[in-house]
Amino acid sequence: MLVVLVLLVTVAMRVVIVTAVVYLLLPRGPLCPQCGIEMVGLRNRFFDRLLPLLQRRWCLECGWNGVVRRTGARLHAPPCTDQSIVVIRRAARS
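Residues numbered from 1 in each chain as written. Predicted model: local features only at pLDDT ≥ 70, side-chain atom pairs only at ≥ 80, totals over all residues. Heavy atoms only, no water.

Moving on, we come to the nonpolar core. Taken as a class, soluble globular proteins show a tendency for nonpolar side chains to be buried jointly. One finds Cys32, Met39, Cys59, Trp64 and Val68 forming the largest nonpolar core, which totals five residues. When near neighbours in sequence (up to four residues on either side) are disregarded, valine 68 contacts Pro27, Gly29, Met39, Leu53, Leu54, Gln55 and Arg57. (Core = buried A, V, L, I, M, F, W, Y, C linked by side-chain atoms within 4.5 Å. Buried < 20%, exposed > 50% of the residue type's maximum accessible area, 1.4 Å probe, protein only. Contact = heavy atoms within 4.5 Å.)

Set out below in structure tokens:
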């Protein structure tokens, strides 16, 4: 029984360490990691509720899209800004 417990703790520790490293490797904030322009936040109800510390973003300049860490005051703010609403409406028309 002790061997099983030790193996389960070892696997759990690996999962925690890998999760922490992946989280720390994600870019932070609203700036694009490639070109430095402010990106547009993409709204996804399921993703926002499941992982509130992360946010999907899209760069209008270079086309990069991905997951970034939310920072400071924007952590509890709604993920959608006025700029992103305009972009979404413009994309919906095309």
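A surface patch of nonpolar side chains, amounting to about 800 Å² of accessible area, comprises Leu2, Leu5, Val6, Val9, Met13, Ile17, Val21 and Leu25. Topologically, leucine 25 is positioned in helix α1 (residues 2-25). (Patch = residues over 30% accessible without salt bridge, like charges linked within 9 Å, V, L, I, M, F, W, Y side chains within 5 Å. Areas by Shrake-Rupley, 256 points an atom, 1.4 Å probe, with all protein chains shown as cover. Salt bridge = Lys/Arg side-chain N within 4 Å of Asp/Glu carboxyl O. Helix = DSSP H or I, 4+ residues; strand = E, 2+ residues; numbered from the N terminus.)

With respect to topology, three strands assemble into an open sheet ordered β1-β2-β3, the strand pairing being antiparallel. Because the sheet does not close on itself, it has two edges, and the strands there are β1 (40-42) and β3 (65-69). For this sheet, the mean inter-axis angle between neighbouring strands, taken without regard to orientation, is 45 degrees. (Pairing = 2+ DSSP bridges. Axes fitted to C-alpha atoms, helices over the stretch in contact; angles between N-to-C directions.)

Keep in mind these numbers describe shape, not what the thing actually does.
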